[in-house]
Amino acid sequence: MPNPRLTGLGGGLFCGATMFALACLDQLLFGASLVVYGVLFLPVCTLTALWVRRRDLVTAPIIVPIAFAFGLLPVADGGGGMGGELMGLVTALATQAGWLYGGTLVAGVITTVRKVRLMRRRAAQRRAAQAARPEIQPRRRPA
């Protein structure tokens, strides 16, 4: 399995482009099924949270809801004109909120676990460095 490390921007582009492509594929194969779109959203959230680099862990739970909304554009059932498309998008966001919250929760849990592991590893390295360093005795001044 590849182990890319995406920046915050790269993670956003990956997640947004993947969700848009999957939405287009969903529209072609399944007639814009929002359930299929929601199911496909969960692995994309997982990959985004796993592939974002350590310094940008906080961005993954922020990126995935934006990508979900962006990907809904091809599958949202909108009427004619800009107002109809906007209402279709808002309706799809409201009816598919469970998938949106679930994917955001997945990304949040994965990044939290990764951050905790990173903090524990750093603390262990600090303890090991302190244990390896001899304790320096303060010099006493002659009276």
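Only a predicted model underlies this, so the values are computations on that prediction, with no experimental measurement involved. (Residues numbered from 1 in each chain as written. Predicted model: local features only at pLDDT ≥ 70, side-chain atom pairs only at ≥ 80, totals over all residues. Heavy atoms only, no water.)

Draft legend 1. Seen up close, the overall build of the chain. A count of helical and extended segments in the chain gives five helices and zero strands. Listed by position from the N terminus, the elements making up the chain come as α-α-α-α-α. Computed over C-alpha atoms, the radius of gyration of the chain comes to 23 Å, more than 25% over the 15 Å expected from 2.2 N^0.38 for 143 residues, which places it beyond the range of a compact globule. Counting only C-alpha atoms and orienting by the principal axes, one finds that the chain spans roughly 95 × 35 × 20 Å. (Helix = DSSP H or I, 4+ residues; strand = E, 2+ residues; numbered from the N terminus. Rg over C-alpha atoms; globule rule 2.2 N^0.38 Å.)

Draft legend 2. Region of the structure containing the pattern of salt bridges. Inspection of every chain in the model, using the stated rule, returns one salt bridge. Between Asp56 and Arg53 there is a salt bridge, with its nearest N and O atoms 2.8 Å apart. For Asp56, a relative accessible area of 15% gives the class buried. On the accessibility criterion, Arg53 (27% relative accessible area) is partly exposed. (Salt bridge = Lys/Arg side-chain N within 4 Å of Asp/Glu carboxyl O. Buried < 20%, exposed > 50% of the residue type's maximum accessible area, 1.4 Å probe, protein only.)

Draft legend 3. Region of the structure containing helix 2 (residues 34-51). With 18 residues, helix 2 ought to run about 26 Å at 1.5 Å a step, and its terminal C-alpha atoms sit 26 Å apart, in line with that. Tucked inside the fold, the buried residues of helix 2 contact helix 1 (8-30), helix 3 (60-71), helix 4 (81-95) and helix 5 (97-132). (Expected span 1.5 Å × (residues − 1). Contact = heavy atoms within 4.5 Å.)

Draft legend 4. Examining a positive patch on the surface more closely. On the surface, Arg5, Arg54, Lys115, Arg117, Arg121, Arg122, Arg126 and Arg127 cluster together into a positively charged patch. With respect to the secondary-structure elements, Arg117 resides in helix 5. (Patch = residues over 30% accessible without salt bridge, like charges linked within 9 Å, V, L, I, M, F, W, Y side chains within 5 Å. Areas by Shrake-Rupley, 256 points an atom, 1.4 Å probe, with all protein chains shown as cover. Lys, Arg positive; Asp, Glu negative; His and termini not counted. Charge placed at Lys NZ, Arg CZ, Asp CG, Glu CD.)

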